[in-house]
Amino acid sequence: MNQDLEIISQTSAFGGVQGVFRHKSNATGTDMEFSVFTPNHSGEFSPPVLFYLSGLTCNWENFTHKAGVQRYAAEHGIIIVAPDTSPRGNEVPDDEAYDFGQGAGFYVNAIEAPWDKHFQMYDYIVNELPSIIRNNFNNDLSRLGIFGHSMGGHGALIIALRNPNIFQSVSAFAPIVAPLQVPWGKRAFEGYLGPNKDNWKKYDACELIKSNEWQRDILIDQGLADQFLSEQLKPELFQEACAEVGSALTLRHHKGYDHSYYFIATFIEDHIKWHAAKLNKI
């Protein structure tokens, strides 16, 4: 393991190892933490890698502890990487609101002060984190997928749609699909990216799908009892955008399910199987 990567903890789980790590990030200029589940595998076998991006107020811990992903990742031989949602620390600017500042990086590269110094989460996920995983856990990232929840579902979609040469599969739980049109996105983008909405469009899944560069199918699960469904999520807008350009989308609605990790834990096995089927074909 690279000596610049600090081991916070390592625990055996389902024949593999669940670890938590810290490193100095070049992208954010801060210490960043992430978790990695590595299934048991032979030295000659390079497992696929799947990134999970968390939502507002979360870090790596929420998903790692609550989703129950380790059992299914072990069964399908997939490495699971869960980074933080923003840079953190006393030197990092913050906001009193839960949906902006620390814990709410929205996976963009901020261009407005004071956020631009540290809030470079897009570069962190797309460029820096894959390099760290390649150097320390799997030297073959030719089979790399991404998924996430809520703000993290937004991040997974926009990152995959912009980087089809890096990510080969994408799915999401209750994602923010149209940040240009909802309060969460408008607040974050105004703060991080400024008033020019042309800069916003680079981070909006409904806008990006229109480029038609993503030629693979997409899976989205949405709970119909989600308290944020009508105001913040609006999956029908992404469904319409995909239909306009002929992009393959599987949008599943689930009666009675809300925005919580109970929802994610219920359908996490489906997402792991879905990504495994895509990534193991490559």
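Everything below is about the structure shown above.
Notes on the structure follow. (Residues numbered from 1 in each chain as written. Predicted model: local features only at pLDDT ≥ 70, side-chain atom pairs only at ≥ 80, totals over all residues. Heavy atoms only, no water.)

Some points on the overall build of the protein
1) Next: What the protein contains, in helices and strands, is 10 helices and 9 strands.
2) Next: Taking 282 residues into account, the globule formula puts the C-alpha radius of gyration at 19 Å, and the protein, at 18 Å, falls close to it.
3) Next: Counting only residues that meet the buried cut, the protein has 58% of its 282 residues in that class.
4) Next: Across the protein, contacts joining residues at least 24 apart in sequence account for 71% of those joining residues at least 6 apart.
5) Next: As displayed, the protein has an accessible area near 11500 Å², and 44% of this comes from carbon and sulfur atoms.
6) Next: The centroid of the 22 positive side-chain charges in the protein is displaced by 4 Å from the centroid of its 33 negative side-chain charges. (Helix = DSSP H or I, 4+ residues; strand = E, 2+ residues; numbered from the N terminus. Rg over C-alpha atoms; globule rule 2.2 N^0.38 Å. Buried < 20%, exposed > 50% of the residue type's maximum accessible area, 1.4 Å probe, protein only. Contact = heavy atoms within 4.5 Å. Areas by Shrake-Rupley, 256 points an atom, 1.4 Å probe, with all protein chains shown as cover. Lys, Arg positive; Asp, Glu negative; His and termini not counted. Charge placed at Lys NZ, Arg CZ, Asp CG, Glu CD.)

Details of helix α9 (residues 235-245)
1) Next: Every buried residue of α9 is accounted for by Pro 235, Leu 237, Phe 238, Ala 241 and Cys 242. Take α9 and look down its axis: the buried residues cluster within an arc of 155°, on one side only. Structural note: α9 exposes Ala 243 and Glu 244 on the side pointing more than 90 degrees away from its buried face.
2) Next: Where α9 is buried, its residues contact α4 (151-162), α7 (205-208), β8 (218-223), α8 (229-233) and β9 (249-254). (Arc of directions from axis to C-beta.)

A few points about the pattern of salt bridges
1) Next: Counted under the stated rule, the structure contains 11 salt bridges.
2) Next: Across the pair Glu 33 and Arg 22 runs a salt bridge, and its minimum N-O distance is 2.9 Å. Placement of Glu 33 in strand β3 (residues 31-38) and of Arg 22 in strand β2 (residues 16-24) is noted, with a sequence separation of 11 residues between them.
3) Next: Between Asp 217 and Lys 278 there is a salt bridge; the shortest N-O distance is 2.8 Å. In this pair, Asp 217 sits in the loop between α7 and β8 while Lys 278 sits in helix α10 (residues 261-279), placing the two residues 61 residues apart along the sequence.
4) Next: Judged by relative accessible area, which is 25%, Asp 217 ranks as partly exposed.
5) Next: Several salt bridges share partner residues, and in doing so they unite Glu 6, Arg 22 and Glu 33 into one network. (Salt bridge = Lys/Arg side-chain N within 4 Å of Asp/Glu carboxyl O.)

Here's the deal with the environment of Phe 21
1) Next: By the element assignment, Phe 21 lies in strand β2.
2) Next: For the pair Phe 21 and Glu 236, spaced 215 residues apart in sequence, the C-alpha to C-alpha distance is 38 Å.

As for the pairing of strand β1 (residues 6-13)
Within a regular strand, side chains alternate between the sheet's two faces.
1) Next: Relative to β2, β1 runs antiparallel, the two being bridged by 7 bridges. When the sheet's bridge partners are listed, Ile 7 is paired in β2 with Phe 21.
2) Next: The antiparallel hairpin formed by β1 and β2 contains 2 residues in its connecting segment, where Phe 14 sits at a positive phi of about 50°. (Pairing = 2+ DSSP bridges.)

Here's the deal with the packing of helix α3 (residues 121-136) against α4
1) Next: The geometry of α3 relative to α4 is characterised by a closest axis approach of 11 Å and an angle of 55° between their N-to-C directions. Taken as axis vectors, α3 and α4 run oblique relative to one another. When the axes of α3 and α4 are compared, the crossing they make is right-handed. Judged by residue contacts, Tyr 122, Ile 125 and Val 126 of α3 engage Ile 158, Ile 159 and Arg 162 from α4. (Axes fitted to C-alpha atoms, helices over the stretch in contact; angles between N-to-C directions. Parallel < 35°, antiparallel > 145°, perpendicular 65-115°, else oblique. Left-handed = near helix turned anticlockwise from the far one by under 90°.)

Quick notes on the packing of aromatic side chains
1) Next: All chains considered together, the criterion is met by 21 aromatic pairs.
2) Next: Taking the centre distance of 6.4 Å and the plane angle of 75° together, the rings of Phe 106 and Phe 189 count as edge-to-face. Remark: Phe 189 occurs in helix α5 (residues 183-193) and Phe 106 occurs in the loop between β5 (79-83) and α3; sequence separation between them is 83 residues.
3) Next: A residue is classified by how much of its surface remains accessible, and Phe 106, at 0% relative accessible area, is buried.
4) Next: A relative accessible area of 0% means that Phe 189 is categorised as buried.
5) Next: Each ring, one from Phe 189 and one from Tyr 203, has its centre 6.4 Å from the other, and the planes form 65°; the classification is edge-to-face. One end of the pair, Phe 189, is in helix α5; the other, Tyr 203, is in the loop between α6 (197-200) and α7, and 14 residues separate them in sequence.
6) Next: A connected cluster of aromatic rings, assembled from ring pairs, spans Tyr 52, Phe 63, Phe 147, Phe 173, Tyr 257, Phe 263 and Phe 267.
7) Next: Seen from the ring of Tyr 122, Arg 162 lies directly overhead, with NZ or CZ sitting 4.3 Å from the centre.
8) Next: Here the basic side chain of Arg 162 rests over the ring of Tyr 203, its NZ or CZ set 5.1 Å away from the ring centre. (Phe/Tyr/Trp six-rings, centres within 6.5 Å; stacked < 30°, edge-to-face > 60°. Lys NZ or Arg CZ within 6 Å of the ring centre and 35° of its normal.)

Some details on the packing of helix α2 (residues 69-76) against α10
1) Next: Remark: α2 packs on α10, axes separated minimally by 9 Å, with the N-to-C direction vectors making an angle of 25°. Relative to α10, the element α2 is oriented roughly parallel. As for the relative orientation of α2 and α10, their crossing is right-handed in sense. Facing Val 69, Tyr 72, Ala 73 and His 76 of α2, the residues of α10 in contact are Ile 268, Glu 269, Ile 272, Lys 273 and Ala 276.
2) Next: Here the contact of α2 with α10 is built from residues that sort into 6 nonpolar, 1 polar and 2 charged. (Nonpolar A, V, L, I, M, F, W, Y, C, P; charged D, E, K, R; others polar.)

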